[in-house]
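Now for the letters of each chain:
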Amino acid sequence: MNPITDPLFMVVWRCTRNCVGSCTYCSYTKEYAKDQELSTEQAKHMVDEMAEFGSKWLGISGGEPLVRPDIWEVIEYAEKKHDMKVSLITSGFAWDEKRFDLLRKYDVHTAISIDGNRESNDLTRRKGGYDMALHAMKKLSEVGLLDCLVTTMTKININHMAHPAELAEEYKARMLVYHNLVPVGRASDHMEDLAPTPEQYETTFDEIYEIQRKLYGKVKIHVYAPFYARIVRQKNPANFWAWYNEGYLGKCSIGGNYIGITENGDYRSCGFHEGYRIGNVKTKKLRTAWEELQQSPLHLQLRDKNNLKGRCGICEYREICGGCRTRAEHYTGDLFASDPACNYIPKILREDPKILEELQKNPLGKKQ
């Protein structure tokens, strides 16, 4: 499958920004919401578009999907009308037996957010959040519906990345996802307190690589961070390309290999960036939006790594990495600037002091 021209296996719908949690880094909190959610009938039309597009899975995120009153009606429609599978992520805050029974009824593959150990999770989310997530995890595991555990790396939990892996193995989750911190939503207001340093990321990715090796064949590890590809390339060059082409989900998606749908029906090309919208499901077909995305001048520029600046632009790993464009824009105002979260010094800089001196004057490639 060509990820650029073929339909996506799953399209994710952020069904609501409403939530009962208060995570310090939340990207999509309701205080940032400006648009009205899709109605039930509009959501069903959206599912029709996904099915016509060729996607086999409906992914549902939030906010907290379990607080949307009509979510079960939309899930039932996707499954019965189009024979689609459904995946959903929840924090466990809105968990109860009724909702659990409905997840079982509709065979919803469910992911649980858990940010480190009990202490770091509850500091990040709220007191008692760890125990609520653990309860949901156990219940889902008992009936074979625990699809994934999801952790976002922050300064608060950066030293506790092994703990979610232990839980994933114990409760037989199919996958474990580690997200790097992207400065959007509430996180953008607290980056100094939340964002790991480049050195912390480097150390932690080394640790996650060893976790990935340990759990091979038991739990699939996904790292949503562009520069994790460089870590794997350095450590395992023999098997890198098979892993990168078939199993790596951490590539920066804004260049056109992703499309998601927001709560109001807007299409967007990045799972985090709120600024780049490419039409709405109420007035534009999903397939049309996808085809337009592939020809968009901006996204064609982003896909071409020759347009990157700063360290990213001269890095020998830029074709497999390229950094996070959303993060680069947040810190520099330039979507093509260097990603400041990366700790790696490109080979050309280590070999040529003149280039290093020039780059030190403008390390991120920021527009002057």
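Preceding this section is the structure that the text describes.
What comes next is a walk through the structure. Predicted, not measured: the structure shown is a model, and the values here were computed from it.

Overview of the pattern of salt bridges
Within the structure shown, the criterion is met by 28 salt bridges. One salt bridge in this structure joins Lys-139 and Glu-97, with 3.6 Å as the shortest N-O distance. In this pair, Lys-139 is assigned in helix α5 (residues 129-142) and Glu-97 in helix α3 (residues 97-105), connecting sequence segments 42 residues apart. Given the relative accessible area of 39%, Glu-97 is considered partly exposed. As a salt-bridge pair, Glu-274 and Arg-268 come within 2.7 Å of each other at their nearest N and O atoms. Classification of Glu-274 as partly exposed rests on a relative accessible area of 25%. The network of salt bridges with shared partners includes Arg-14, Arg-17, Glu-263, Asp-266, Arg-268, Glu-274 and Arg-277.

Some words on the nonpolar core
Core analysis: the biggest nonpolar cluster contains 91 residues, and Trp-13, Leu-149, Tyr-178, Phe-205 and Tyr-228 have the highest contact counts within it. Tyr-178 has contacts with Thr-151, Met-153, Met-161, Ala-165, Ile-208, Ile-211, Ile-221, His-222, Val-223 and Tyr-224, leaving out every residue within four places of it along the chain.

With respect to the side chain of Ser-120
Within the secondary structure layout, Ser-120 lies in helix α4 (residues 118-124). Overall, the relative accessible area of 2% leaves Ser-120 in the buried class. Within polar-contact distance, the side chain of Ser-120 engages the side chain of Asn-117 at 2.9 Å. Ignoring anything within four residues of it in the chain, the contact list for Ser-120 reads Asp-115, Ile-156, Asn-157 and His-160.

Points about the packing of helix α1 (residues 40-53) against helix α2 (residues 71-82)
Running from N to C, α1 and α2 point in directions that differ by 35°, and their axes come no closer than 10 Å. Handedness of the crossing formed by α1 with α2: right-handed. Residues Thr-40, Ala-43, Lys-44, Val-47, Asp-48 and Ala-51 of α1 form the contact with α2, whose participating residues are Glu-73, Val-74, Tyr-77, Ala-78 and His-82. Across the contact of α1 with α2, the residue classes tally to six nonpolar, two polar and three charged.

Description of unusual backbone geometry
Following Gly-62, the chain continues into Gly-63 via a peptide bond in cis, with omega recorded as 15°. Phi at Asp-83 is positive, roughly 55°, even though this residue is not glycine. Structurally, the position occupied by Asp-83 is in the loop between α2 and β3 (85-90). Since its relative accessible area comes to 69%, Asp-83 is described here as exposed. In this structure, Lys-172 is a non-glycine residue whose phi angle is positive, near 60°. With respect to the helices, strands and loops of the structure, Lys-172 is situated in the loop between α6 (162-170) and β6 (175-179).

Digging into helix α8 (residues 198-214)
Here α8 contains 17 residues, and its C-alpha end-to-end distance of 24 Å stays within 8% of the 24 Å for a straight helix at 1.5 Å per residue. Close packing links the buried residues of α8 with α6, β6, β7 (220-224), α9 (228-235), α10 (240-247) and α14 (325-332).

Side note on the environment of Trp-95
Considering the arrangement of structural elements, one finds Trp-95 in the loop between β3 and α3. Trp-95 gets classed as buried once you look at its relative accessible area, which sits at 13%. In this structure the C-alpha to C-alpha distance between Trp-95 and Asp-206, which are 111 residues apart in sequence, comes to 34 Å. Among all residues touching Trp-95, those that are not within four sequence positions of it are Phe-100, Leu-103, His-135, Ala-136, Lys-139 and Leu-140.

A closer look at the state of the cysteines
Note on terminology: disulfide describes a covalent bond linking the sulfur atoms of two cysteines. Within the structure shown, the criterion is met by zero disulfides. The thiol sulfur of Cys-148 is not disulfide-bonded, and the nearest other cysteine sulfur, from Cys-23, lies at 16 Å. Of the residues examined, Cys-148 reaches a relative accessible area of 4% and is grouped as buried. For the unlinked cysteine Cys-321, the closest cysteine sulfur is that of Cys-342, found at 5.8 Å.

With respect to α10
If you check which residues of α10 are buried, you get Phe-240, Trp-243 and Tyr-244. Down the axis of α10, the smallest arc covering the buried residues is 95°, so these residues share one side. Turned more than 90 degrees from where α10 packs its buried face, Asn-245 and Glu-246 sit exposed. Looking at the buried residues of α10, the elements they touch are α8 and α9.

The rules behind each value
- Residues numbered from 1 in each chain as written.
- Predicted model: local features only at pLDDT ≥ 70, side-chain atom pairs only at ≥ 80, totals over all residues.
- Heavy atoms only, no water.
- Salt bridge = Lys/Arg side-chain N within 4 Å of Asp/Glu carboxyl O.
- Helix = DSSP H or I, 4+ residues; strand = E, 2+ residues; numbered from the N terminus.
- Buried < 20%, exposed > 50% of the residue type's maximum accessible area, 1.4 Å probe, protein only.
- Core = buried A, V, L, I, M, F, W, Y, C linked by side-chain atoms within 4.5 Å.
- Contact = heavy atoms within 4.5 Å.
- Polar contact = N/O pair within 3.5 Å; in protein donor to acceptor, adjacent residues only side chain to side chain.
- Axes fitted to C-alpha atoms, helices over the stretch in contact; angles between N-to-C directions.
- Left-handed = near helix turned anticlockwise from the far one by under 90°.
- Nonpolar A, V, L, I, M, F, W, Y, C, P; charged D, E, K, R; others polar.
- Expected span 1.5 Å × (residues − 1).
- Disulfide = S-S within 2.5 Å.
- Arc of directions from axis to C-beta.

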